[in-house]
Amino acid sequence: MDRRVTSQDVAKAAGVSRSAVSLVLNGRAEGAISAANQRAVRRAAERLGYRPNQVARSLRDQTTHSIGVVTDSIVTGSFGGAMIAGATTRAARDGYVLLVVNAERVPRAEAEAMETLLGRQVDALVYAAEGLHGWTPPELFLAEHNILLDAFATDGGATGVVPDEVAGGYRAARMLLDAGHRDITVLAGTPDVEATGRRLAGCRRAMGEAGLTSRQVTCGWEIDVGLAVGTRVLSAEDRPTGIICANDRAAAGVVLAAARLGLGVPEDVSIVGYDDDQNVAPQLGLSTIRLPHRQMGETAMDLLIGSLRGVDLPRGEVLVDTPAVLRSSVGTPSR
């Protein structure tokens, strides 16, 4: 059997001390080890196939290098998985692994999930939501190092990493305004969803800056309602030249409605979605606003790992940018 590669082997290959290897691979090298030596250590570790002894590491520093994640429905849902992927990748860079438990937004199940994770001696807790909403963290959660992901504490008592939905709504309207549209209808999401109000606030701000107002119609989130509402709006005598949709699925319904009515996109109507759903938007050439799920996961882990090392978390919401993605569904108005 081949001998296990040790940190001393990495130190020898990199031309540094064993303590330098420990600092670099434990993420504590900044200010202590030169950038060149950090690169040398990482290259040597990768070349030799070095894997730290996590059991020994845990005994030494009294941590498990694991982070417990309680989700509402991300694991079983079709949306938001990139947040977990981003968080997992970022955590791994500092030697942490994520333990994920789905609780389906049931308070008792959430409490049981936290107790299970804490029973496994996780170093911190994350509450991750599939869609932005308020959450009241229990004392069990607040007693640990913690962070919220795509959620905010209703009492402001914890840090939540969330998308900048107001900026997203603003940019959705600006895409149409910048293309020359002045007659714009917003097919809004349902009012029970937190993101709806924030996106509408951004849209109204952009329209107000242009000295305009938009028509607003409650629509929803799925293709069938987008088709039904889109057909009604596009059949009207005063149909708009531009439509902003609650999300990409609703926008797909509007694209279908336009096709059934013999209208071209963007020749007769420009359409903007929201989410940058990779199963919808690129295939339709849909201009949209990207929900930065992977970046949100990475940001949450940056902040949480920093807090484990003594860096204070910012209070309240940490906003992650929501960029506009311009594709072929937006053009200049024909009238």
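Everything numeric here is computed off the predicted structure, so don't read it as measured data. (Residues numbered from 1 in each chain as written. Predicted model: local features only at pLDDT ≥ 70, side-chain atom pairs only at ≥ 80, totals over all residues. Heavy atoms only, no water.)

Caption draft 1: Spotlight on the sheet that holds strand β7 (residues 215-218). With parallel pairing, four strands are arranged side by side in an open sheet as β7-β6-β8-β9. Taken across any chain shown, the strands that pair with only one partner, and hence form the sheet edges, are β7 and β9 (270-272). Pairs of neighbouring strands in the sheet enclose a mean axial angle of 20 degrees, with direction left out of account. As paired elements, strand β6 (residues 184-188) and β7 share four bridges and run parallel to each other. By the bridge assignment, Leu187 is partnered in β7 with Val217. (Pairing = 2+ DSSP bridges. Helix = DSSP H or I, 4+ residues; strand = E, 2+ residues; numbered from the N terminus. Axes fitted to C-alpha atoms, helices over the stretch in contact; angles between N-to-C directions.)

Caption draft 2: Here's a closer look at the packing of helix α8 (residues 165-178) against helix α9 (residues 194-209). Closest axis-to-axis distance for the α8/α9 pair is 6 Å, and the angle between their directions is 40 degrees. Comparing the axis directions of α8 and α9 gives the class oblique. α8 and α9 meet at a crossing whose hand is right-handed. The segment α8 lies against α9, with Glu165, Val166, Gly169, Tyr170, Ala173, Arg174 and Leu177 engaging Ala195, Arg198, Arg199, Gly202, Cys203, Arg205, Ala206, Met207 and Glu209. Tallied by class, residues from the contact of α8 with α9 come to eight nonpolar, two polar and six charged. (Parallel < 35°, antiparallel > 145°, perpendicular 65-115°, else oblique. Left-handed = near helix turned anticlockwise from the far one by under 90°. Contact = heavy atoms within 4.5 Å. Nonpolar A, V, L, I, M, F, W, Y, C, P; charged D, E, K, R; others polar.)

Caption draft 3: How the structure looks around the sheet that holds strand β5 (residues 160-163). The six strands lie next to each other as β2-β1-β3-β4-β5-β11, forming an open sheet whose pairing is parallel. Among the strands making up the open sheet, the edge pair consists of β2 (97-102) and β11 (317-320). This sheet shows a mean twist of 25 degrees between the axes of neighbouring strands, independent of strand direction. Summarising the sheet, strand β1 (residues 66-71) and β2 pair through six bridges and their orientation is parallel. Opposite Gly68, over in β2, you have Leu99 as the bridge partner. The sheet strands contacting helix α5 (residues 81-93) are β1, β2, β3 (124-135) and β4 (146-153), and the helix crosses β2 at an angle near 155 degrees. Across the sheet, helix α13 (residues 293-308) is in contact with β1, β2, β3, β4, β5 and β11; its angle to β4 comes to roughly 145 degrees.

Caption draft 4: Structural view of the pattern of salt bridges. All told, the structure shown has 16 salt bridges when counted by the stated rule. Glu222 is the salt-bridge partner of Arg249, the closest N and O atoms lying 3.1 Å from each other. You can see Arg249 sitting in helix α11 (residues 248-260) and its partner Glu222 sitting in the loop between β7 and α10 (223-235), a full 27 residues away along the chain. Among the salt bridges present, the one from Asp276 reaches Arg290, with a minimum N-O distance of 2.9 Å. Linking Asp276 in the loop between β9 and α12 (281-284) with Arg290 in the loop between β10 (288-289) and α13, this pair joins segments that are 14 residues apart in sequence. (Salt bridge = Lys/Arg side-chain N within 4 Å of Asp/Glu carboxyl O.)

Caption draft 5: Inspection of the layout of surface pockets at higher detail. One number sums up the size of the largest pocket: a volume of about 780 Å³. Residue lining of the largest pocket: 32 residues in total, with Phe79, Glu130, Asp275, Leu291 and His293 positioned closest to the centre. Counting only elements with at least two residues in the lining of the largest pocket, the list comes to α5, β3, α9 and α13. When residues of the lining of the largest pocket are assigned to their parent elements, the largest contribution, four residues, is made by β3. Residues that form the lining of the largest pocket fall into these classes: nine nonpolar, 10 polar and 13 charged. (1 Å grid on protein atoms, 1.4 Å probe; cavity = no way out; pocket = protein on both sides within 12 Å on 5 of 7 lines; lining within 4 Å. Points joined across faces, edges and corners; volume = space filled by probe spheres on them.)

Caption draft 6: Layout of the nonpolar core. The biggest cluster of nonpolar side chains holds 22 residues, and the ones touching the most others in it are Ile67, Leu98, Val126, Leu149, Val161, Met301 and Leu304. Elements supplying a minimum of two residues to this core: β1, α5, β3, β4, α13 and β11. Of the residues forming this core, the biggest block, five residues, is contributed by α13. By size, the runner-up hydrophobic cluster in this structure holds 20 residues, among which are Tyr170, Ala188, Ala206 and Ile289. (Core = buried A, V, L, I, M, F, W, Y, C linked by side-chain atoms within 4.5 Å. Buried < 20%, exposed > 50% of the residue type's maximum accessible area, 1.4 Å probe, protein only.)

Caption draft 7: View of empty space enclosed by the protein. All chains considered together, the criterion is met by one cavity of 30 Å³ or more. Among the elements of the structure, α8, β6, α9 and β8 (242-245) are those that each provide at least two residues to the lining of the largest cavity. If you tally residues by element for the lining of the largest cavity, the top one is α9, at five residues. For the lining of the largest cavity, the per-class residue count stands at 12 nonpolar, three polar and one charged.

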